[in-house]
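# Analysis of the macromolecular model
Here are the chains, one letter per residue:
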Amino acid sequence: MIRTFLDGLYRFAGYLAGVFLLVIFLLMMCLSLGRGFGLNIPAGDDFAAWSMAAMAFLGLAYTFRSGELIRIGLILDRLPAASRRAVEILCLLVGSGIIAFFAWHALQMTYDSWRFNDMSQGVVAVPLWFPQLGYSLGLTILAIAFLDELIHALSGGAPRYEKPPAATPEEIVDRAAESGL
């Protein structure tokens, strides 16, 4: 039940990142095409920038669980199994600590912005906590994903974020083309 919830949480964050990608596209198209017709979206650049930050941070956990984040595979693949497991756990432990630190402070910053009613300085005054939610939630979900993976690795499981080795030469070429090697 927890596994289903966590996988759904990571997938939801990935979908939400995709929604923000569409928002960026629509804003940029409206800003570009609007110039030709004399139309302007007030603070459109600000909204696009906030959407970009939300997209980037909300997509991190899904990207991590899909095995698409940059890893030190060139080093890990050359280690014996016992050493590899120890290095994976060490990396997950350090990564969990660093990301939890950033997530905590991002949440604190968002809370402080809400508490002090901080407003953006652009053309359109927006409460700053609102665009900061994407950053805070994305880091929090990534911290959960790292802790989830750390607990899984400590209990003896193989990394779930690692892609299986390529089975055919065509798959090797496809991964190289996608930069997924």
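In the block above lies the structure referred to throughout.
No experiment lies behind these values; they were computed from the predicted model shown.

## Remarks on the overall build of the protein chain
In terms of helices and strands, the protein chain carries six helices and zero strands. Each helix and strand of the protein chain, placed in order from N terminus to C terminus, yields the pattern α-α-α-α-α-α. For the protein chain, whose C-alpha radius of gyration is 20 Å, the value lies well above the compact-globule estimate of 16 Å for 181 residues. When its C-alpha atoms are laid out on the principal axes, the protein chain stretches across 60 × 45 × 30 Å. With 181 residues in all, the protein chain has 30% of them scored as buried. A total of about 11600 Å² of accessible surface is found on the protein chain, and carbon and sulfur atoms cover 72% of it.

## Quick look at a nonpolar patch on the surface
There is a patch of nonpolar side chains on the surface, built from F25, L26, M29, L33, F37 and L39 and spanning about 690 Å² of accessible area. Within the secondary structure layout, L39 lies in the loop between α1 (2-37) and α2 (44-65). Overall, L39 belongs to the exposed group, its relative accessible area being 60%.

## Overview of the packing of helix α4 (residues 81-115) against helix α5 (residues 129-154)
The N-to-C vectors of α4 and α5 enclose an angle of 155°; their axes lie 8 Å apart at closest approach. As the angle between them shows, α4 and α5 are arranged roughly antiparallel. Where α4 crosses over α5, the two elements pack in a sense that is left-handed. Of the residues in the contact of α4 with α5, the class split is 22 nonpolar, seven polar and two charged.

## Points about unusual backbone geometry
Even without a glycine there, the phi angle at A43 is positive, about 60°. Its place among the elements puts A43 in the loop between α1 and α2. With relative accessibility at 11%, the residue A43 sits in the buried group. Backbone geometry at N117 places phi at a positive 55°, although glycine is not the residue there. Along the polypeptide, N117 turns up in the loop between α4 and α5.

## Some words on the packing of aromatic side chains
Counted under the stated rule, the structure contains seven aromatic pairs. Here F47 and W50 contribute two aromatic rings whose centre-to-centre distance is 5.6 Å and whose plane-to-plane angle is 75°, an arrangement assigned as edge-to-face. Here W50 and F47 lie together in helix α2, a separation of three residues that amounts to about one turn. Here the aromatic rings of F101 and F102 are separated by 5.6 Å at their centres, their planes lie at 75°, and the arrangement is edge-to-face. F101 gets classed as partly exposed once you look at its relative accessible area, which sits at 49%. Aromatic ring contacts, followed pair by pair, group F64, F146 and Y161 into a single cluster.

## A look at the nonpolar core
Judged by nonpolar contacts, the single largest core of 20 residues is most densely connected at Y10, A61, F64, L92, I141, L142 and F146. Breaking this core down by element, the ones donating at least two residues are α1, α2, α4 and α5. Here this core gets eight residues from one element, more than from any other, and that element is α5. Excluding residues that lie within four positions of it along the chain, Y10 makes contacts with R3, A61, Y62, R65, I141, I144, A145 and D148.

Cut-offs used in this document
Residue indices begin from 1 for each chain and proceed along its sequence in written order. Local features in this predicted model are restricted to residues of pLDDT 70 or higher, and side-chain atom pairs are both shown and tallied only at a pLDDT of 80 or more, whereas totals for entire chains, interfaces and linings draw on every residue. Computation of side-chain values covers all heavy atoms of the structure but excludes hydrogens and water. By the criteria applied, helices consist of DSSP H or I runs no shorter than four residues and strands consist of E runs no shorter than two, each listed in order from the N terminus. We compute the radius of gyration over the C-alpha atoms and compare it with the globule rule, which gives 2.2 Å times the number of residues raised to the power 0.38. Only protein chains enter the accessibility calculation, which uses a 1.4 Å probe; a residue is then buried when its area is under 20% of its type maximum, exposed when over 50%, and partly exposed in between. Note on areas: Shrake-Rupley with a 1.4 Å probe; residue coverage comes only from the protein chains shown. A patch consists of residues whose relative accessible area exceeds 30% and which take part in no salt bridge; residues with like charges are grouped when within 9 Å of each other, and nonpolar side chains (Val, Leu, Ile, Met, Phe, Trp, Tyr) when within 5 Å. When a carboxyl oxygen of Asp or Glu lies within 4 Å of a side-chain nitrogen of Lys or Arg, that pair is called a salt bridge. What counts as an axis is a line fitted to C-alpha atoms, over the stretch in contact for a helix, and the angles between N-to-C directions run from 0 to 180 degrees. Angle categories are assigned with fixed cut-offs, so that under 35 degrees is roughly parallel, over 145 is roughly antiparallel, 65 to 115 is roughly perpendicular, and the rest are oblique. Whether a crossing is left-handed or right-handed is set by the direction in which the near helix is turned from the far one by less than a right angle, anticlockwise for left-handed and clockwise for right-handed. Polar here means any residue other than Ala, Val, Leu, Ile, Met, Phe, Trp, Tyr, Cys and Pro, which are nonpolar, and Asp, Glu, Lys and Arg, which are charged; Gly is therefore polar. When the centres of two rings from Phe, Tyr and Trp lie within 6.5 Å, Trp using its six-membered ring, the rings pair. Their planes under 30 degrees apart give stacked, over 60 give edge-to-face, and anything left gives tilted. Take the buried residues of types Ala, Val, Leu, Ile, Met, Phe, Trp, Tyr and Cys, join any two whose side-chain atoms come within 4.5 Å, and each joined set is a nonpolar core. Throughout, a contact is declared for two residues whenever any of their heavy atoms are within 4.5 Å.

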